[in-house]
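# Commentary on secondary and tertiary structure
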Amino acid sequence: MSVPRTLDLDLLRCFVTIAETESFTRAGDRLGRTQSTISLQVKRLEEQLGRAVFDRTPRSLKLTPAGERLLGPARQLLRLNDAAIAQLFAKCSLRPSRW
């Protein structure tokens, strides 16, 4: 297995939202996606990482040790991304620049 060089922020946002809501369905509601889309995104993330991030049973959902290690850095990456987007659009107009 090769180590991924980059992590998809959309997949990380899905992962963090599931961890916060403790539910694929509630995460889907929060993100405006279906439960099946959320499940597919987790599958993609787990395939990218080569390990499970959630232990799932019919009645419970919890982070695996790998998921616990990923959660803090994932939150940091999302905060940085969101801050960069907010700063970019707060400081400049959306008009194309002239050379």
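Up top is the structure.
Since the model is a prediction, treat every value here as computed from it, not as a measurement.

### Digging into unusual backbone geometry
The residue Glu 22 is not glycine, and still its phi comes out positive at about 60°. Checked against the element boundaries, Glu 22 lands in the loop between helix 1 (9-21) and helix 2 (24-31).

### Things to note about helix 3 (residues 35-49)
Taking 1.5 Å of rise per residue, 15 residues should cover 21 Å, and helix 3 covers 21 Å from first to last C-alpha, within 8% of that figure. Looking only at helix 3, the buried set comprises Ile 38, Gln 41, Val 42, Leu 45, Glu 46 and Leu 49. Summarising the axial view, the buried residues of helix 3 lie within an arc of 135°, below the 170-degree limit, and thus occupy one face. Those residues of helix 3 that are exposed and angled more than 90 degrees off the buried face are Leu 40 and Glu 47.

### Remarks on the pairing of strand 2 (residues 60-63)
Pairing of strand 1 (residues 54-57) with strand 2 involves 4 bridges; the strand directions are antiparallel. Following the sheet pairing, Asp 55 is matched in strand 2 by Lys 62. From the end of strand 1 to the start of strand 2, which pair antiparallel, there are 2 residues.

### Some details on the pattern of salt bridges
Taken as a whole, this structure holds 6 salt bridges when the rule is applied. Ionic pairing is found between Glu 20 and Arg 75, a salt bridge with its closest N-O pair at 3.6 Å. Residue Glu 20 is located in helix 1, and its partner Arg 75 is located in helix 4 (residues 65-91); the two are separated by 55 residues in the primary sequence. The partner of Glu 46 in a salt bridge is Arg 56, and the shortest N-O contact between them spans 3.1 Å. You can see Glu 46 sitting in helix 3 and its partner Arg 56 sitting in strand 1, a full 10 residues away along the chain. Among the charged side chains, a network of salt bridges with common partners joins Glu 20, Arg 30 and Arg 75.

Procedures and definitions
Residues numbered from 1 in each chain as written. Predicted model: local features only at pLDDT ≥ 70, side-chain atom pairs only at ≥ 80, totals over all residues. Heavy atoms only, no water. Helix = DSSP H or I, 4+ residues; strand = E, 2+ residues; numbered from the N terminus. Expected span 1.5 Å × (residues − 1). Buried < 20%, exposed > 50% of the residue type's maximum accessible area, 1.4 Å probe, protein only. Arc of directions from axis to C-beta. Pairing = 2+ DSSP bridges. Salt bridge = Lys/Arg side-chain N within 4 Å of Asp/Glu carboxyl O.

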